[in-house]
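Spelled out from the first residue to the last, the chains are:
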Amino acid sequence: MKLDGTMNTHMDDEKTGMTTQTPSDENAFQKLFEASLAELPEVRRGERVKGVVVSVDDQAVVVDVGAKAEGSIPRQEFERAGLAVPSVGEEVEAMVMSTGGPSGVSLSVLAARRQDAWRCIEQAMENDGCVEATVLSEVKGGYRVAIQGLEAFMPRSESDPNPRLPASELIGRSCKVVILEARRKPENIVVSRRRPLEKEHAAKRERFFATAKVGDRVNGVVRRMTDFGAFIDLGGVDALLHVSDIAWQRLERPSDILHIGQEISVEITKIDPEAGKVSVSMKALQEDPWSRVGERYEPGMRLTGTVRRLLDFGAVVELEPGVEGLIHRSELSWVRKDVAPTQVLSEGDVVDVAVLDVVPEERKIRLSLKAVTENPWQAWLAEHPVGSRVRGRIKNKTDFGFFVSVSDELDGLVHMENLSWDEEPAEALAAYSKGQEVECVVLGVDVERQRISLGIKQLSEDPFEVFLAGVQRGSAVTGKVIEIRKNGNAIIELAKGVRAHLARREIPRDRELSEGDEIQAKITEINRSRRQVELSIRQYERDEERDAVRNYTRQVEAAAGPSALALELQRKLLGVKKEK
């Protein structure tokens, strides 16, 4: 041990294997360390440096920039600059913000990015160019936009050619913008996305209208939809795709088939370069289903379809996509006359129908709903033939008769003329009231016209036919005058329920008739279909006079003897017989 208290003892390697440094060795190491530090480059505030990431934690990213101290970058700067947080070993570029502090060198990637952004912005302004930007959020009057770490403002009017473009279509998306205004101090940047889009669209429109023509098949993207159709971006040109041109089947709205952003193929149907308007069609590229209707459908077929629309005059039924038929309101029900379609069907109903008529060239198919069910009049007639008897209640009374309910759905008409054989129709009708139960005879069923004719007087024998069974033309009858008409004609009652007509010319001139008089006359005409009997007093009296003369002549001839001539003839006749 030396006097200065320092130890410089070297122990033999064989004994301890350790070497003890002397003060002279420590001084040499200090000098070497200071010399190595002197050789490291010094970084200055404001410089841009590159370094390798040596560690990453929740607060900072530590970078070895080859300086006397390591550099530290706040982790959140990477997110604000739009960069991913680097991993250990990756190289980053940053700007020196300060040196010599307790944490070493302070770096900033955001400041570096901002410096680059300003350089890019100034160059774009000089060259009338565009820069890349990202729309961050919506603010009052427009949007907040990021340009490589710098924040800019984009007025809403400068966001898109379509002023109604929703904010959701912009926020979070990158786009090209032009610089409308830029100042470093105070920092203020105003940009426009609309202007470069319009410039780009104008170039595309010019190319489109220079080459496109009607009939061209083109591809496009659905950009916007309305109730009447969709607007398709054909590459700088928005074309209208009307809802009727989307598909052959009828659509309520374009969204039934299309959605925003969908790529479709269409055919150009109209083009107006001067107005800048284009119309396109999807269904023009599809087969017209009506081209096969004549082969697939024929009258009498029974089909199943879906009710798509209800109109005042009927229901439209879809038989297959693009092919529809109409059920007229008269074909909806057998029993409900002129019924409103909404009372029978609802949109979306699946129904069985019968085809009545097919006219492919007019794109028309007539359908019937009632034709697929049994005709209730036909079925009722099969169970109630003409001449049978039915009972029912009077459902409705009119001036000409009343309707009798003969089933849950059907009514029959009893006309006032079929109420009584002998009463006046109006008088007979007055004796019946609504709700009264009556028995009737089935007179006839008109299936086509859907009518049932009933009668009540037919429950008893027809006195007219009973009367005619005992008389004929030329028969003498006795009757009572029940009416004298203004023209002198008379109505004669021959029996109960049997009336005859006596014309004035058939009454002797010297004879005056009054109501209540009994007369004798002869039947001169019988018309069963019209239930008419014609009488004549003149004929009766002429025939009576002629018969009286004949009878008188017979009586005279019987009372008088044979004449001389008769005797002579008798003698001669007897003489001839003797000779023989």
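What you see is a predicted model, and the numbers here were worked out from it, not measured in a lab.

Asks: What is the right way to read the side chain of lysine 522 from this model?
Replies: Relative to the helices and strands, lysine 522 resides in strand S29 (residues 518-527). Excluding residues within four positions of it along the chain, lysine 522 makes contact with Gly474, Ser475, Ala476, Glu534, Leu535, Ser536, Gln539, Tyr540 and Asp543.

Asks: What should I look at first to understand the pairing of strand S23 (residues 411-415) in this one?
Replies: Going residue by residue along S23, you find Gly412 and Val414 tucked away on one face and Asp411, Leu413 and His415 left uncovered on the opposite face. Pairing between strand S22 (residues 401-405) and S23: 5 bridges, direction antiparallel. Following the sheet pairing, phenylalanine 403 is matched in S23 by leucine 413.

Asks: Quick question: what am I supposed to make of the packing of aromatic side chains here?
Replies: Any two aromatic rings considered together are summarised by their centre-to-centre distance and by the angle between their planes. According to the stated counting rule, one finds 4 aromatic pairs in the structure shown. Here phenylalanine 402 and tyrosine 432 contribute two aromatic rings whose centre-to-centre distance is 5.1 Å and whose plane-to-plane angle is 40°, an arrangement assigned as tilted. Here phenylalanine 402, found in strand S22, pairs with tyrosine 432, found in the loop between helix H7 (425-430) and strand S24 (437-446); they are 30 residues apart in sequence, far enough to count as distant. Per residue, the accessibility class of phenylalanine 402 equals that of tyrosine 432, and both read buried.

Asks: Hey, could you run me through the pattern of salt bridges in this one?
Replies: Two side chains that carry opposite charge are able to pair once their charged atoms sit near each other. Tallying each qualifying case throughout the model produces 36 salt bridges. Between arginine 292 and glutamate 287 there is a salt bridge, with its nearest N and O atoms 3.4 Å apart. Across the pair aspartate 543 and lysine 522 runs a salt bridge, and its minimum N-O distance is 2.8 Å. Of this pair, aspartate 543 sits in helix H9 (residues 537-559) while lysine 522 sits in strand S29, placing them 21 residues apart in sequence. The buried category is assigned to aspartate 543, whose relative accessible area is 6%. Residues joined in a network through salt bridges with shared partners are Arg389, Arg391, Arg393, Glu437 and Glu439.

What counts and how
- Residues numbered from 1 in each chain as written.
- Predicted model: local features only at pLDDT ≥ 70, side-chain atom pairs only at ≥ 80, totals over all residues.
- Heavy atoms only, no water.
- Helix = DSSP H or I, 4+ residues; strand = E, 2+ residues; numbered from the N terminus.
- Contact = heavy atoms within 4.5 Å.
- Buried < 20%, exposed > 50% of the residue type's maximum accessible area, 1.4 Å probe, protein only.
- Pairing = 2+ DSSP bridges.
- Phe/Tyr/Trp six-rings, centres within 6.5 Å; stacked < 30°, edge-to-face > 60°.
- Salt bridge = Lys/Arg side-chain N within 4 Å of Asp/Glu carboxyl O.

Interpretation note: all reported values are geometric properties and have no functional meaning in isolation.
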